[in-house]
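Letter by letter, the chains look like this.
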Amino acid sequence: MLQSKTLRVHVSGALQYITFPLLEDCGAVRHFFSTRRGGVSTGQYASMNLSFSNGDRSEAVRKNYEILCGAIGIEADRLVLSRQTHTANVRTVTEDDIGKGISKPCDYTDVDGLITDLPGVGLVTQYADCVPLLFCDPKKHVIATSHAGWRGTVAQIGRVTVERMQEEFGCDPRDILAGIGPSIGPCCYEVDEPVHQKVLEIPGLPAEAVLTPSRPGHYMLNLQETNRWILLQAGLSPDHIDVSDLCTCCHCEDLHSHRATGGKRGNLAAIIALK
């Protein structure tokens, strides 16, 4: 079983999933970050795969959503899926979007973040090494989730998401709680010079805190700390951010990892819904 010093790992029979203490304890949301355990998918997708687009059987993926959502009290038919292409685009979810990607087709693409104030609507983003970002303003009753690979990180999708929460719903960043989920860690994430240069373009980022030279022209990148810094600059309080200590590549038996498997894998998911 996975063990974490910063997140909560839940086990129910074969099912294993992760929650963020700050989000769980605020009492306003239901949420989880999935693992590979407890689903019905087989082969390279085993056993909990939450992507309909990577070759797995759609009926297995649907069943996986039902298993996970049933465990925490979210209706699978009221989910809304992102359509991720490593952008910083954030979509405001309305009543018309409920079920898109699950029970009806999506009419959008290039969406790496979702935001809503609708109770009972589950926002879904997917991962296999990239950084999950979950948000909740328990005062304004607004939630969001964003997908931050290195491209989304350098485009500061975390800051963009916070700004959208402010602009559309009047949220105060000081009230927002956030979770930075399991992703590939600085122990395993080596990047080349072009990515290094893009990270250096993030205004004011203390590069020495997130980049460590590994070999000529290559660096180990700490995406979690980079995103934490971006959220702090967006106005969140340091004690309002939970940061994962789990590396998806190191724990590829429990967490899907693109790098560890050479792309032969399923997808994890972060889901959050207002109660």
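Computed from a prediction, not measured in an experiment: that's the story for all the values here.

### Concerning the overall build of the protein
Secondary structure summary: the protein contains eight helices and 15 strands in total. The globule rule puts the C-alpha radius of gyration for 275 residues at 19 Å, and the 17 Å found for the protein is close to it. For the protein, the spread of C-alpha atoms along the three principal axes comes to 45 × 45 × 35 Å. For the protein, buried positions account for 55% of its 275 residues. Of all intrachain contacts in the protein linking residues separated by at least 6 positions in sequence, the fraction that spans at least 24 positions is 65%. Of the roughly 10900 Å² that the protein leaves accessible, carbon and sulfur atoms contribute 47%. Mean positive and mean negative side-chain charge positions of the protein (26 and 32 charges, respectively) differ by 4 Å.

### Remarks on the nonpolar core
With 38 residues, the main nonpolar core has Phe 135, Met 165, Leu 221 and Leu 231 as its most contacted residues. Where this core is concerned, the elements lending two or more residues are strand 8 (131-137), strand 9 (142-148), helix 4 (157-169), strand 10 (177-180), helix 5 (193-200), helix 6 (207-210), strand 13 (218-221) and helix 7 (223-233). In terms of nonpolar packing, the next biggest core, distinct from the first, is built from 29 residues, Phe 20, Cys 130, Leu 134 and Leu 268 among them.

### Here we look at unusual backbone geometry
Residue Ser 47 is reached from Ala 46 by a cis peptide bond, and omega for that bond is -15°. With respect to the helices, strands and loops of the structure, Ser 47 is situated in the loop between strand 3 (29-34) and helix 2 (58-72). Phi angles above zero are rare outside glycine, and His 141 is one such case at about 60°. Among the structural elements, His 141 can be located in the loop between strand 8 and strand 9. Backbone geometry places Gln 156, a non-glycine residue, at a positive phi of 55°.

### Things to note about helix 7
For helix 7, the set of buried residues is Leu 223, Gln 224, Thr 226, Asn 227, Trp 229, Ile 230 and Leu 231. For helix 7, the side-chain oxygen to backbone nitrogen distance between the N-cap and Gln 224 is 3.2 Å, and the N-cap itself is Asn 222. Just past helix 7, the residue Gly 235 takes up positive phi, approximately 110°.

### Notes on the pairing of strand 9
With seven of its seven residues buried, strand 9 lies for the most part within the structure. On strand 9, burial covers both faces: Val 142, Ala 144, Ser 146 and Ala 148 on one face and Ile 143, Thr 145 and His 147 on the other are all buried. Across four bridges, the pairing between strand 6 (residues 113-116) and strand 9 is antiparallel. When the sheet's bridge partners are listed, Leu 114 is paired in strand 9 with Thr 145. Pairing analysis gives seven bridges linking strand 8 to strand 9, with the strands arranged antiparallel. Along strand 9, the bridge assignment pairs Val 131 with Ala 148.

### Some words on the packing of aromatic side chains
All told, the structure shown has three aromatic pairs when counted by the stated rule. Considering the side-chain rings of Phe 33 and Tyr 127, the 5.9 Å spacing of their centres and the 50° angle between planes classify their relative orientation as tilted. Pair noted here: Phe 33 is in strand 3 and Tyr 127 is in strand 7 (residues 122-127), with a separation of 94 residues, a long-range link. We note that Phe 33, like Tyr 127, is buried. A centroid spacing of 5.9 Å and a plane angle of 10° characterise the contact between Phe 52 and Tyr 65, whose relative ring orientation is stacked.

### Here's the deal with helix 5
Given 3.6 residues per turn, any residue in an α-helix points the same way as the ones three and four places further on. Buried residues of helix 5: Val 195, His 196 and Val 199, and no others. Looking straight down helix 5, one finds that the buried residues subtend no more than 105° of arc, so they occupy a single side. On its buried face, helix 5 sits against helix 3 (150-154), strand 11 (190-192), helix 6, strand 12 (211-215) and strand 13. The N-capping residue of helix 5, defined by a side-chain oxygen 3.3 Å from the backbone nitrogen of Val 195, is Asp 192.

Basis of the calculations
Residues numbered from 1 in each chain as written. Predicted model: local features only at pLDDT ≥ 70, side-chain atom pairs only at ≥ 80, totals over all residues. Heavy atoms only, no water. Helix = DSSP H or I, 4+ residues; strand = E, 2+ residues; numbered from the N terminus. Rg over C-alpha atoms; globule rule 2.2 N^0.38 Å. Buried < 20%, exposed > 50% of the residue type's maximum accessible area, 1.4 Å probe, protein only. Contact = heavy atoms within 4.5 Å. Areas by Shrake-Rupley, 256 points an atom, 1.4 Å probe, with all protein chains shown as cover. Lys, Arg positive; Asp, Glu negative; His and termini not counted. Charge placed at Lys NZ, Arg CZ, Asp CG, Glu CD. Core = buried A, V, L, I, M, F, W, Y, C linked by side-chain atoms within 4.5 Å. Polar contact = N/O pair within 3.5 Å; in protein donor to acceptor, adjacent residues only side chain to side chain. Pairing = 2+ DSSP bridges. Phe/Tyr/Trp six-rings, centres within 6.5 Å; stacked < 30°, edge-to-face > 60°. Arc of directions from axis to C-beta.

These values are about where atoms sit, not about what they do.
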